[in-house]
Amino acid sequence: MSHTQEHHDEHKLPFWLSVHFSTDHKIIGIQYGITALIFLLLGFSMMLMMRWQLAYPDHALPLIGQWFGESRMPVE
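What counts and what doesn't
Counting restarts for each chain: residues are numbered from 1 in the order of the written sequence. For this predicted model, a pLDDT threshold of at least 70 governs which residues receive local features, and a threshold of 80 or more governs which side-chain atom pairs are given and counted, while totals over whole chains, interfaces and linings are taken from all residues. Values shown for side chains rest on all heavy atoms present in the structure; no hydrogens or waters enter the calculation. By definition, any uninterrupted DSSP run of H or I lasting at least four residues is a helix, any uninterrupted run of E lasting at least two residues is a strand, and each is numbered from the N terminus. Residue burial is assigned from relative accessible area. The probe radius is 1.4 Å, only protein chains are included, and a residue is buried under 20% of its type maximum, exposed over 50%, and partly exposed in between. In these tables, accessible area is a Shrake-Rupley quantity obtained with a 1.4 Å probe, and a residue counts as shielded only by the protein chains included in the view. The contact criterion used is simple: two residues touch if any of their non-hydrogen atoms lie within 4.5 Å. Think of it this way: a Phe, Tyr or Trp ring, Trp meaning its six-membered ring, pairs with another when their centres are within 6.5 Å, and the plane angle makes it stacked under 30 degrees, edge-to-face over 60, tilted otherwise. pLDDT gives the predictor's per-residue confidence on a scale running from 0 to 100.

Observations regarding the overall build of the chain
Of regular secondary structure, the chain possesses 3 helices and 0 strands. Tracing the chain from N to C terminus, the helices and strands come up as α-α-α. Buried positions account for 7% of the 76 residues belonging to the chain. For the chain, the exposed area adds up to about 7,300 Å²; of that, 68% sits on carbon and sulfur atoms.

Section: the environment of glutamine 66
Along the chain, the position of glutamine 66 falls in the segment after α3 (25-55). On the accessibility criterion, glutamine 66 (55% relative accessible area) is exposed. Setting aside residues up to four positions removed in sequence, glutamine 66 forms contacts with Ala60 and Leu61.

A short note on the packing of aromatic side chains
Tallied over the entire structure, the rule returns 1 aromatic pair. Ring centres 4.6 Å apart and planes at 45° place the aromatic pair tryptophan 52 and tyrosine 56 in the tilted group. Residue tryptophan 52 is classed as partly exposed on the basis of its relative accessible area of 28%. Given a relative accessible area of 40%, tyrosine 56 falls into the partly exposed group.

Quick look at the confidence of the model for the chain
When the pLDDT values of the chain are averaged, the result is 80; 76% of them are 70 or greater. Across the chain, the secondary-structure element scoring lowest on mean pLDDT is helix α1 (residues 3-7), at 57, and the one scoring highest is α3, at 93.

See below:
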């Protein structure tokens, strides 16, 4: 290889770096959509927990209530 070819070889980033630092509008749109869906799921989960606590104040949350060592929700 000549001297000029060595400097023009493309350095390819790993996949996750190329997606994370992308300036392509299609990739940014996909990242925005995925982030929005994640926060939508998080908000929906929190809404379900709050409504369960209001509906059944003396019961633990289903599935995750036993993780905290309490048999029921704290009532103030």
